[in-house]
Amino acid sequence: MPASFRAIYWARTMTADRPCLPEAFTEGFGRPPQLVAEAPGRVNLIGEHTDYNEGFVLPVAIDRTVAVAAAARDDSLVSVRSLDYGEDDEFWLDEIPPIPGWRGYVRGVAWAMREDGQRLRGADLLVSGDVPQGAGLSSSAAIEVAVAGALAAVVGLELPRRQIARLARRAENDFVGVPCGIMDQFASALSRAGHALLIDCRSETVEHIPLPFERDAVEIVVVDSKVPRRLGETAYSVRQQECREAAKLLGVASLRDVDGAIVGRRRDRLPDAVYRRARHVASENARVLAAADALRDGDADRFGTMMYESHGSLRDDFEVSCPELDLLVELASKSDGVAGARLTGAGFGGCTVNLVRGDSIDSFRAQVIEKYQKKTGLGAEMHVCRAAGGLKVTDV
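What counts, and where the lines are drawn
- Residues numbered from 1 in each chain as written.
- Predicted model: local features only at pLDDT ≥ 70, side-chain atom pairs only at ≥ 80, totals over all residues.
- Heavy atoms only, no water.
- Helix = DSSP H or I, 4+ residues; strand = E, 2+ residues; numbered from the N terminus.
- Rg over C-alpha atoms; globule rule 2.2 N^0.38 Å.
- Buried < 20%, exposed > 50% of the residue type's maximum accessible area, 1.4 Å probe, protein only.
- Contact = heavy atoms within 4.5 Å.
- Areas by Shrake-Rupley, 256 points an atom, 1.4 Å probe, with all protein chains shown as cover.
- Expected span 1.5 Å × (residues − 1).
- Phe/Tyr/Trp six-rings, centres within 6.5 Å; stacked < 30°, edge-to-face > 60°.
- Axes fitted to C-alpha atoms, helices over the stretch in contact; angles between N-to-C directions.
- Parallel < 35°, antiparallel > 145°, perpendicular 65-115°, else oblique.
- Left-handed = near helix turned anticlockwise from the far one by under 90°.
- Nonpolar A, V, L, I, M, F, W, Y, C, P; charged D, E, K, R; others polar.
- Pairing = 2+ DSSP bridges.
- pLDDT = per-residue confidence, 0-100.
- Core = buried A, V, L, I, M, F, W, Y, C linked by side-chain atoms within 4.5 Å.
- Disulfide = S-S within 2.5 Å.
- Polar contact = N/O pair within 3.5 Å; in protein donor to acceptor, adjacent residues only side chain to side chain.
- Lys, Arg positive; Asp, Glu negative; His and termini not counted.
- Salt bridge = Lys/Arg side-chain N within 4 Å of Asp/Glu carboxyl O.

(A) Examining the overall build of the chain more closely. Secondary structure summary: the chain contains twelve helices and twelve strands in total. On C-alpha atoms alone, the chain measures out to a radius of gyration of 21 Å, which is about the 21 Å that the 2.2 N^0.38 rule sets for 396 residues. The principal-axis extent of the C-alpha atoms belonging to the chain is close to 65 × 50 × 40 Å. Within the chain, the proportion of its 396 residues that are buried is 58%. Of all intrachain contacts in the chain linking residues separated by at least 6 positions in sequence, the fraction that spans at least 24 positions is 70%. Total accessible area on the chain stands at roughly 15,500 Å², and carbon and sulfur atoms take up 46% of it.

(B) Looking closely at helix 11 (residues 323–333). Within helix 11, the full set of buried residues consists of Leu-325, Leu-327, Leu-328, Val-329, Leu-331 and Ala-332. Where the residues of helix 11 are buried, they touch strand 8 (218–224), helix 10 (300–316), strand 9 (338–344), strand 10 (351–357) and helix 12 (361–376).

(C) How the structure looks around the environment of Val-43. With respect to the helices and strands, Val-43 occurs in strand 1 (residues 35–46). Judged by relative accessible area, Val-43 falls into the buried class, the value being 0%. In the structure, Val-43 is positioned 17 residues away from Val-60 in sequence and 5.6 Å away in space, judged by C-alpha atoms. Leaving out residues up to four positions away in the same chain, Val-43 has contacts with Pro-59, Val-60, Ile-62, Leu-137, Ile-220, Val-222, Thr-344 and Val-353.

(D) How the structure looks around helix 4 (residues 139–153). Taking 1.5 Å of rise per residue, 15 residues should cover 21 Å, and helix 4 covers 21 Å from first to last C-alpha, within 8% of that figure. Burial analysis of helix 4 places 14 of its 15 residues in the buried class, which makes it a mostly covered element.

(E) View of the packing of aromatic side chains. In total, this model carries five aromatic pairs according to the counting rule given. With a centroid separation of 5.7 Å and 40° between ring planes, the pair formed by Trp-111 and Phe-175 is classed as tilted. Taken together, the residues Trp-111 in helix 3 (residues 102–115) and Phe-175 in helix 5 (residues 161–176) connect sequence positions 64 residues apart. Take Trp-111: its relative accessible area is 15%, and that puts it in the buried class.

(F) Just the packing of helix 4 against helix 6 (residues 183–190), in detail. Where helix 4 meets helix 6, the axes come as close as 9 Å, and the angle between the chain directions of the two elements is 55°. The angle between helix 4 and helix 6 falls in the class oblique. Helix 4 and helix 6 meet at a crossing whose hand is right-handed. Counting all contacts with helix 4, which are made through Ala-141, Ala-142, Glu-144 and Val-145, the residues of helix 6 involved are Asp-184, Gln-185, Ser-188 and Ala-189. Residues belonging to the contact of helix 4 with helix 6 are distributed by class as follows: four nonpolar, two polar and two charged.

(G) Layout of the pairing of strand 7 (residues 205–210). Looking at chain direction, strand 6 (residues 195–200) and strand 7 are connected through six bridges and run antiparallel. When the bridges of strand 7 are listed, Ala-196 appears paired with Ile-209. Connecting strand 6 to the antiparallel partner strand 7 that follows it, the hairpin turn spans four residues, and Glu-204 within it adopts a positive phi of roughly 60°.

(H) Local environment of unusual backbone geometry. Positive phi is not limited to glycine here, since Ser-138 has a value of about 65°. Within the element layout of this structure, Ser-138 appears in the loop between strand 5 (123–129) and helix 4. Assessed through its relative accessible area of 7%, Ser-138 is described here as buried. Within the chain, Glu-319 stands out as a residue other than glycine whose phi angle is a positive 55°. On the basis of relative accessibility, which here comes to 36%, the residue Glu-319 falls in the partly exposed class.

(I) Spatial organisation of the pairing of strand 6. Burial analysis of strand 6 places six of its six residues in the buried class, which makes it a mostly covered element. Across the two faces of strand 6 the burial is the same, with His-195, Leu-197 and Ile-199 and Ala-196, Leu-198 and Asp-200 all buried. The sheet contact formed by strand 2 (residues 56–72) and strand 6 spans two bridges and is antiparallel. Opposite Phe-56, over in strand 6, you have Asp-200 as the bridge partner.

(J) Quick look at the confidence of the model for the chain. With 93% of its residues at a pLDDT of at least 70, the chain reaches an overall mean of 92. Below a pLDDT of 50 lies the segment residues 1–19, which in the model reaches 48 contacts outside its immediate sequence neighbourhood of four places, other chains included.

(K) Focus on the nonpolar core. Grouped together as the largest cluster of nonpolar side chains are 83 residues, with contacts concentrated most on Leu-58, Leu-125 and Phe-303. Excluding its chain neighbours within four sequence positions, the residues that come into contact with Phe-303 are Leu-45, Ile-46, Leu-58, Ala-291, Ala-294, Leu-295 and Leu-355. Counting 26 residues, the second largest nonpolar core, distinct from the first, contains Tyr-52, Tyr-275, Leu-314 and Phe-348.

(L) Focus on the state of the cysteines. What the rule picks out here adds up to zero disulfides. With no disulfide of its own, Cys-201 has Cys-180 as its nearest cysteine by sulfur position, at a separation of 11 Å.

(M) Region of the structure containing the side chain of Asp-184. With respect to the helices and strands, the residue Asp-184 is situated in helix 6. Within polar-contact distance, the side chain of Asp-184 engages the side chain of Ser-138 at 3.0 Å. With residues up to four places along the chain from it excluded, the contact list for Asp-184 reads Arg-42, Ser-138 and Ala-141.

(N) View of the side chain of Glu-144. Structurally, Glu-144 can be placed in helix 4. For the buried Glu-144, no salt bridge exists, and the shortest N-O distance to an oppositely charged side chain is 9.2 Å, to Arg-169. Contacts of Glu-144, omitting those with residues within four sequence positions, involve Tyr-105, Val-109, Ala-168, Glu-172 and Gln-185.

This is how it looks when you write it as structure tokens:
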């Protein structure tokens, strides 16, 4: 990518230090874009590995996003440029072969829309994002939702946000090959600023619950352990299979249909590992609903207690934590002003989410980030996040 093209990127637009996409698009493609579609990453406050078990989750969209500037073409070619990677891609809509990396998510969305019978045309796309990648903050869902919003908008399709989320999930499941649930795409498409999104993953009903954190000067702090996650190369699919096995042995359609008491009474039906997977899902579903009640009551401390309980269950019963994540949670629990902490995302590395009093951010950095670096040699990265809104499509 020419230096002159890259030199104009960095300007303040929708988020701090975001490339000024319309100007960069014009420089790169020789014409202005029609629109910019922007979709956020997400952090899951509580409710891990419950989404693909038709359970409950409670994410928030964060003020870290992927933006796509777009303009329609007169042919069926999709030409894509990534500002962050300095890489390009091109493909025809009538033949969309898989490809690794970020390009696969873009292609997967076009493929899913085509397979769904949506009207498409070629487009020029310029992509940039500040969602940390490989950290469990759903950079993949953000790019999928943003691309889907852009491809729909350039042909005048007014797709409901739910449909965009479902198409994005299909892209990730069936084209990219990651068997995720609907949470990430719903959070990216449907969230509301200042609210958590309670999702019933069976019925796909949602409730926007106001967050009391700003009123109480509590910040959502995400800490990237710098242990990368690669779900296609981890035990993520194994955990899904274990959950399906547990449901079959318990005689239910999904682990959504059992509570902790049922799992305990029927323990003799299950191999030990499968029993512990089921126990986690049952207890986590209960925690999500209790945590939602804590939000409605404005009780950050009660919410934080359930975060610690969630982490313990993910560590011991679901076995998706790692020593680095456990260390971050342990350090947070001993730091002043921290109401709660847990791993967030699928695990196997990635991030923790923490509720930290605003006047304790500096001590959190010293007691958690600096001590973690000394113990592990890894430079953990801290992000103080706001609960953001979902997909936005803006005409230029």
